[in-house]
Amino acid sequence: MRAALMERENAAGLCHLAGHVALVLVFGIWIAQGWFLWPLALVGQGIAICFLFTLEHEATHKTPFRSERLNEWVGRIAGLLLILPFEWFRYFHLAHHRFTNIPGKDPELLSGARPETCAAYVIHVSGLPFWASMIRQVVGNAMGRDPGGYVPARAYRRVRREARVMLVFYGLAGLGLLVTPLLFWVWLLPCLLGQPFLRLYLLAEHGRCAFVADMFENTRTTYTNRIVRFLAWNMPYHVEHHALPQVPFHKLPVLHEQMREHLKVTAHGYGEFTADYASHLR
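Given the structure is predicted, the values throughout are model-derived calculations rather than measurements. (Residues numbered from 1 in each chain as written. Predicted model: local features only at pLDDT ≥ 70, side-chain atom pairs only at ≥ 80, totals over all residues. Heavy atoms only, no water.)

## Some words on the overall build of the protein
Then comes step 1: When helices and strands are counted, the protein shows 16 helices and two strands.
Then comes step 2: Against the globule reference of 19 Å for 282 residues, the protein gives a C-alpha radius of gyration of 19 Å, in line with a compact fold.
Then comes step 3: The principal-axis extent of the C-alpha atoms belonging to the protein is close to 55 × 50 × 45 Å.
Then comes step 4: Evaluated residue by residue, the protein yields a buried proportion of 50% over its 282 residues.
Then comes step 5: When the accessible surface of the protein is summed, it comes to about 13,700 Å², and 66% of that surface belongs to carbon and sulfur atoms. (Helix = DSSP H or I, 4+ residues; strand = E, 2+ residues; numbered from the N terminus. Rg over C-alpha atoms; globule rule 2.2 N^0.38 Å. Buried < 20%, exposed > 50% of the residue type's maximum accessible area, 1.4 Å probe, protein only. Areas by Shrake-Rupley, 256 points an atom, 1.4 Å probe, with all protein chains shown as cover.)

Pasting the structure below:
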């Protein structure tokens, strides 16, 4: 049964990817054409693009598609749009799985992803620390600086090469802005507006969970609607993902049904979690 759950396929991933890309294209055309209420579409576009993070995250596990090459390239493209270098993030994220919520070891905790004061919370949710951190990371990687203790020496060259390609892309995009502001309206500004929604979503995965090694206590599954599950590639089933990260996103609902009675930390919606988290801020 477990082997069947871990079996990957291209069809489910390509279908989901087509839907997500279609959403980005629809919002992009809406904004570019200046249709009715187009400023609201900026937020929708930002959420759609920023939640490609969950696809990039899945690609680090090589689970969205059976094709290794497809997983790699989809992860890289998502990372390019989000200023989140895929080669580097793979090792960052695998270290997070290895040391989930363990102080001093989990790189997510070391990066300040769990704000405890009102001021830190507002700054964190704004997404500005994320953008600043990733810009520093990409530039540092390109210059050959130490990418972090979780990145093995054998990967340094790939990490450096990827960062340099990313900087070339961003340079060309910047030159393109001198010709037309289109990328600003359909990519850059929407990402700034959409990042807070992703930050709030990500806080629910491990925020206010115990600092222990037990994945049933250090990780949260959040019950939510189909729209959020679609955008997040089923990652609200997060305990399930940490229990068996080799299970593809489209089989997590099945795994959830098998594990549901064993779940210890859950939330009934992101609104409930956010209200509870905010109520405990200093």
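That was the structure; now back to the text.
## Structural notes on the layout of surface pockets
Then comes step 1: Its boundaries defined by the atoms lining it, the second largest pocket holds a volume of some 430 Å³.
Then comes step 2: Of all the secondary-structure elements, those providing two or more residues to the lining of the second largest pocket are α2 (10-33), α3 (38-50), α4 (52-60), α5 (68-82) and α11 (182-206).
Then comes step 3: The element contributing the most residues to the lining of the second largest pocket is α2, with eight residues.
Then comes step 4: Here the residues of the lining of the second largest pocket are counted per class, giving 18 nonpolar, three polar and no charged. (1 Å grid on protein atoms, 1.4 Å probe; cavity = no way out; pocket = protein on both sides within 12 Å on 5 of 7 lines; lining within 4 Å. Points joined across faces, edges and corners; volume = space filled by probe spheres on them. Nonpolar A, V, L, I, M, F, W, Y, C, P; charged D, E, K, R; others polar.)

## Details of the nonpolar core
Then comes step 1: The biggest cluster of nonpolar side chains holds 61 residues, and the ones touching the most others in it are Phe51, Phe53, Leu84, Trp88, Leu198, Tyr201 and Leu255.
Then comes step 2: Excluding anything up to four places from it in sequence, leucine 84 contacts Phe53, Glu56, Gly79, Phe89, Phe130, Met134 and Met166. (Core = buried A, V, L, I, M, F, W, Y, C linked by side-chain atoms within 4.5 Å. Contact = heavy atoms within 4.5 Å.)

## Looking at unusual backbone geometry
Then comes step 1: Its identity is not glycine, yet tryptophan 233 carries a phi of approximately 50°, on the positive side.
Then comes step 2: Relative to the assigned elements, tryptophan 233 resides in the loop between α13 (226-231) and α14 (238-243).
Then comes step 3: With a relative accessible area of 0%, tryptophan 233 lands in the buried category.
Then comes step 4: At asparagine 234, a position not held by glycine, the phi torsion is positive, near 65°.
Then comes step 5: Here asparagine 234 lies in the loop between α13 and α14.
Then comes step 6: In this structure asparagine 234 comes out as buried when scored by relative accessible area, which is 10%.

## What about the packing of helix α6 (residues 86-98) against helix α10 (residues 156-177)?
Then comes step 1: Look at α6 against α10: their axes get within 8 Å of each other, and the N-to-C directions meet at 130°. When the axes of α6 and α10 are compared, the pair comes out oblique. Residues Phe86, Glu87, Trp88 and Tyr91 of α6 pack against Arg158, Val159 and Glu162 of α10.
Then comes step 2: In the contact of α6 with α10, the residues fall into four nonpolar, no polar and three charged. (Axes fitted to C-alpha atoms, helices over the stretch in contact; angles between N-to-C directions. Parallel < 35°, antiparallel > 145°, perpendicular 65-115°, else oblique.)

## Describing the pattern of salt bridges
Then comes step 1: With the rule as written, the count across this model stands at 13 salt bridges.
Then comes step 2: Here arginine 76 and glutamate 87 are joined by a salt bridge, their closest N and O atoms 3.0 Å apart. With arginine 76 in helix α5 and glutamate 87 in helix α6, this residue pair connects regions lying eleven residues apart in the sequence.
Then comes step 3: The exposure class assigned to arginine 76 is partly exposed, which follows from its relative accessible area of 26%. (Salt bridge = Lys/Arg side-chain N within 4 Å of Asp/Glu carboxyl O.)

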